[in-house]
Amino acid sequence: MTRNALILIAACGSIALLLGALAFQHMGGMAPCTMCIWQRWPHAAAIAIAALALVVPGRILPLAGAVAALSTAAIGVYHTGVERGWWSGPSACSSGPVEGVSAQDLMAQIMAAPLARCDEVPWEMLGLSMASWNALASLALASIWMLAAARSTRRKGPGRVR
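Remember, predicted model here, so these are calculated numbers, not experimental data.

This next bit is on the packing of aromatic side chains. Two aromatic rings are characterised by how far apart their centres lie and by the angle between their planes. A complete count under the given rule lists 2 aromatic pairs for this structure. Relative to Trp87, the ring of Tyr78 lies with its centre 6.5 Å away and its plane at 10°, an arrangement referred to as stacked. The class of Trp87 is partly exposed, set by a relative accessible area of 38%. Between Trp86 and Trp87 the ring centres are 6.0 Å apart and the planes differ by 70°, which places this aromatic pair in the edge-to-face class.

Rendered as structure tokens:
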């Protein structure tokens, strides 16, 4: 498979994951939490990188695409850990003990809180949350980006790599 075909596959993967997230949000009525939004940005970056990589030769852009995919995978793993209670998440979207806060301040915090919490699993399939599925799919996309980077090396003459 060619470098550009691999880049297109990786870009389509990020597009599909973003469209899936937006469908859950807008058609399924599932508001995204803060960390869900964080996971979307590297996919958007990967799509932009793919557009450039299709016209600019070399390995740098495919490697940047792999970094974007690995970034969203890492956020997905972190988010999964927060959902499963393995570690604490950001205080802005996770529950925690309420101590030393006046009723007025507590009400202000409640009113400013996001609609969805990062430490709850709103949907899962085969025992994995959306964050977990994003992490797995993004690791697969990172490997496709790495293959594209490997295919970016052209041979010039017998045995020589340019």
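Grouped together as the largest cluster of nonpolar side chains are 17 residues, with contacts concentrated most on Ile7, Ile49, Ala50, Ala69, Ile144 and Trp145. Elements with a minimum of two residues in this core: α1 (3-26), α2 (34-53), α3 (60-84) and α5 (130-150). Not counting chain neighbours up to four residues away, the residues in contact with Ala69 comprise Ser138, Leu141, Ala142 and Trp145. Met35, Val82, Cys93 and Cys118 belong to the second-largest nonpolar core, a separate cluster that totals 6 residues.

Okay, the layout of surface pockets next. Left-over empty space is what a probe sized like a water molecule reveals as it rolls over the atoms. Looking at the largest pocket, its volume works out to about 570 Å³. What lines the largest pocket is a set of 28 residues, and nearest its centre among them are Ala21, Phe24, Cys36, Met130 and Ala131. For the lining of the largest pocket, the elements supplying multiple residues, two or more each, are α1, α2, α3 and α5. Broken down by element, the residue count for the lining of the largest pocket peaks at 7 residues, all from α1. A per-class count over the lining of the largest pocket returns 18 nonpolar, 6 polar and 4 charged.

Let us now look at the pattern of salt bridges. Summed over the entire model, instances satisfying the criterion amount to 1 salt bridge. With its nearest N and O atoms 3.5 Å apart, the salt bridge here joins Arg84 to Glu124. With Arg84 in helix α3 and Glu124 in strand β1 (residues 124-125), this residue pair connects regions lying 40 residues apart in the sequence. Judged by its relative accessible area of 32%, Arg84 falls in the partly exposed class. Taking the relative accessible area as the measure of exposure, Glu124 reaches 44% and is therefore partly exposed.

For the rest of this paragraph, the subject is the packing of α2 against α3. Helix-helix packing is characterised by the crossing angle of the two axes and by the distance between the axes. Where α2 meets α3, the closest approach of the two axes is 9 Å, and the angle between their N-to-C directions is 170°. In terms of orientation, α2 lies roughly antiparallel with respect to α3. In this structure, α2 contributes Met35, Cys36, Trp38, Gln39, Pro42, His43, Ala46, Ile49, Leu52 and Ala53 to the contact, and α3 contributes Leu61, Ala64, Gly65, Ala68, Ser71, Thr72, Ile75, Gly76, Tyr78, His79 and Val82. Counted by class, the contact of α2 with α3 contains 14 nonpolar, 7 polar and no charged residues.

Calculation criteria
- In every chain, residue numbers begin from 1 and rise along the written sequence.
- Per-residue local features are limited, in this predicted model, to residues with pLDDT of at least 70; the limit for side-chain atom pairs, both in listing and counting, is 80 or more; totals at the level of whole chains, interfaces and linings are taken over all residues.
- Hydrogen atoms and water are omitted, and side-chain values are computed over all heavy atoms in the structure.
- Only centres within 6.5 Å qualify two rings of Phe, Tyr or Trp (six-membered ring in Trp) as a pair; their planes then separate them into stacked at under 30 degrees, edge-to-face at over 60, and tilted for everything else.
- When accessible area is computed with a 1.4 Å probe and restricted to protein chains, residues below 20% of their type maximum are described as buried, those above 50% as exposed, and intermediate ones as partly exposed.
- What makes a nonpolar core is a set of buried Ala, Val, Leu, Ile, Met, Phe, Trp, Tyr and Cys residues whose side-chain atoms join them at distances within 4.5 Å.
- Helix and strand definitions here come from DSSP, where helices need a minimum of 4 consecutive H or I residues and strands a minimum of 2 consecutive E residues; each element is numbered from the N-terminal end.
- Note on contacts: a residue pair qualifies if any of its non-hydrogen atoms lie within 4.5 Å across the two residues.
- The way it works is a 1 Å grid over only the protein atoms, where trapped points that fit a 1.4 Å probe form a cavity and open points with protein on both sides within 12 Å along at least five of seven lines form a pocket, and then any residue with an atom within 4 Å of a point lines it.
- Grid points are joined across faces, edges and corners, and a volume is the space filled by probe spheres set on the points.
- Polar here means any residue other than Ala, Val, Leu, Ile, Met, Phe, Trp, Tyr, Cys and Pro, which are nonpolar, and Asp, Glu, Lys and Arg, which are charged; Gly is therefore polar.
- Any Lys or Arg side-chain nitrogen found within 4 Å of a carboxyl oxygen on Asp or Glu counts as a salt bridge.
- Here, axes are lines fitted to C-alpha atoms. For helices the fit covers the stretch in contact, and angles between N-to-C directions go from 0 to 180 degrees.
- In what follows, roughly perpendicular refers to angles from 65 to 115 degrees, roughly parallel to angles under 35, roughly antiparallel to angles over 145, and oblique to any angle outside these ranges.

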